[in-house]
Amino acid sequence: MYVDGVRELQGVCKIFESAGYFSDRIIIDPSVVRGLEYYTGPVFEVDLTFPIAGDDGRPVRFGSVAAGGRYDGLVSRFRGEPVPATGFSIGVSRLLAALQHLGKVETKAEAGPVVVTVFDKDRIADYQQMVASLRKAGIRAELYLGSGKFGPQMKYADKRNSPCVVIQGSDEKAKGEVTIKDLIVGAELAKLEKGREEHLQKQAEAQRAVPEAQLVEAVRAVLARHKLGPR
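As the structure is a computational prediction, the values presented were derived from the model and not from experiment. (Residues numbered from 1 in each chain as written. Predicted model: local features only at pLDDT ≥ 70, side-chain atom pairs only at ≥ 80, totals over all residues. Heavy atoms only, no water.)

**Description of empty space enclosed by the protein**
Part 1 of the argument: One pass over the structure, following the stated rule, counts one cavity of 30 Å³ or more.
Part 2 of the argument: Taken as a whole, the largest cavity encloses approximately 40 Å³ of empty space.
Part 3 of the argument: If you go around the largest cavity, the residues you meet are Ile180, Glu205, Arg208, Ala218, Ala221, Val222 and Arg225.
Part 4 of the argument: Element by element, the count of residues in the lining of the largest cavity is highest for helix α9 (residues 215-225), at four residues.
Part 5 of the argument: Residues of the lining of the largest cavity, tallied by class, amount to four nonpolar, no polar and three charged. (1 Å grid on protein atoms, 1.4 Å probe; cavity = no way out; pocket = protein on both sides within 12 Å on 5 of 7 lines; lining within 4 Å. Points joined across faces, edges and corners; volume = space filled by probe spheres on them. Helix = DSSP H or I, 4+ residues; strand = E, 2+ residues; numbered from the N terminus. Nonpolar A, V, L, I, M, F, W, Y, C, P; charged D, E, K, R; others polar.)

Right, dumping it as structure tokens:
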């Protein structure tokens, strides 16, 4: 069996070489072991070899980002007939981290849904109707279902990467209004020096009250400001 294994690896190496891959790209390593219960032939790992700085500043490697091998007997366990097979799986998170490190992919976080906040538990139906109106207009939206306090709701919206939140407390309800709070502008506002013209302009953009009937238009304006559009 040992001789058969060596011969199989020699045959695999010939295929590699005929495809233009030599020892600078592919290494035969007999210490690699995977899935002894179902692998029936060569196993392999795809390893990224370029160095990066570790937590202690020393160079380290990303390591394996994909692995697999030959498993002729695995399919037969389910189909009752011999089926030669080879496959592998990819470590998506590690591969993505490597591509980010190399600057091969742009990783801009996708904006989350518009969050409709809740200030009166007895008016859940009203808040849900706002969510339905936004969704009907093609805008991703959701109702906050946690604690009624404002702080946790804003933290939740921030965690969800929401572009804006919809607020209607008792004062807004009495006026027939809703308040739209632009969280993206709000984050920019926090970085500006208070009192300056730019700060005052951002402050006006960050939060505005509109008639309840203009909810969809107001949210659309926020999305358009940040080039998000209906999602």
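From this point, the discussion proceeds with the structure in view.
**Thoughts on the pairing of strand β7 (residues 177-182)**
Part 1 of the argument: Two elements, strand β6 (residues 164-167) and β7, share four bridges in a ladder whose sense is antiparallel. Across the sheet, the residue bridging to Val166 is Ile180, located in β7. (Pairing = 2+ DSSP bridges.)

**Observations concerning the nonpolar core**
Part 1 of the argument: With 21 residues, the main nonpolar core has Val114, Val116, Leu134, Val166, Ile180, Leu215 and Val219 as its most contacted residues.
Part 2 of the argument: Elements supplying a minimum of two residues to this core: β4 (114-116), α4 (124-136), β5 (141-143), β6, β7 and α9.
Part 3 of the argument: Among the elements that make up this core, the one with the highest residue count is α9 (six residues).
Part 4 of the argument: Counting residues in hydrophobic clusters, the runner-up holds seven residues, among them Val115, Met154, Ala157 and Leu183. (Core = buried A, V, L, I, M, F, W, Y, C linked by side-chain atoms within 4.5 Å. Buried < 20%, exposed > 50% of the residue type's maximum accessible area, 1.4 Å probe, protein only.)

**As for the layout of surface pockets**
Part 1 of the argument: Size it by volume and the largest pocket reaches roughly 1,600 Å³.
Part 2 of the argument: Looking at the largest pocket, it is lined by 38 residues, and the ones nearest its centre are Leu9, Asp29, Pro42, Val43 and Phe44.
Part 3 of the argument: Here the element with the most residues in the lining of the largest pocket is helix α1 (residues 2-18); it accounts for nine residues.
Part 4 of the argument: Within the lining of the largest pocket, the residues separate by chemical class into 21 nonpolar, seven polar and ten charged.

**Observations regarding the pairing of strand β2 (residues 59-70)**
Consecutive side chains of a regular strand alternate in pointing toward one face of the sheet and then the other.
Part 1 of the argument: In the sheet, strand β1 (residues 43-53) pairs with β2 via nine bridges, with the strands oriented antiparallel. Within β2, the residue paired with Val43 across the bridge is Gly69.
Part 2 of the argument: Where β2 lies against strand β3 (residues 86-90), five bridges are found, and the strand directions are antiparallel. Within β3, the position partnered with Ala66 by the bridge is Ile90.

**Digging into unusual backbone geometry**
Outside of glycine, negative phi angles account for most residues, and trans bonds account for most peptide bonds.
Part 1 of the argument: In the Ramachandran plot, Asn161 falls in the positive-phi region, its phi being about 60 degrees despite a non-glycine side chain.
Part 2 of the argument: Counting through the fold element by element, Asn161 comes out in the loop between α5 (150-159) and β6.
Part 3 of the argument: Look at Asn161 and you get partly exposed, because its relative accessible area is 34%.
Part 4 of the argument: Even without glycine at this site, Lys227 takes up a positive phi of about 60 degrees.
Part 5 of the argument: With relative accessibility at 79%, the residue Lys227 sits in the exposed group.

**Here we look at the environment of Cys164**
Part 1 of the argument: By the element assignment, Cys164 lies in strand β6.
Part 2 of the argument: Along the sequence, Cys164 and Val115 sit 49 residues apart, while their C-alpha atoms lie 6.9 Å from each other.
Part 3 of the argument: Not counting the four nearest positions on each side in its chain, Cys164 is found in contact with Val114, Val115, Ile180, Lys181, Asp182, Leu183, Val219 and Val222. (Contact = heavy atoms within 4.5 Å.)

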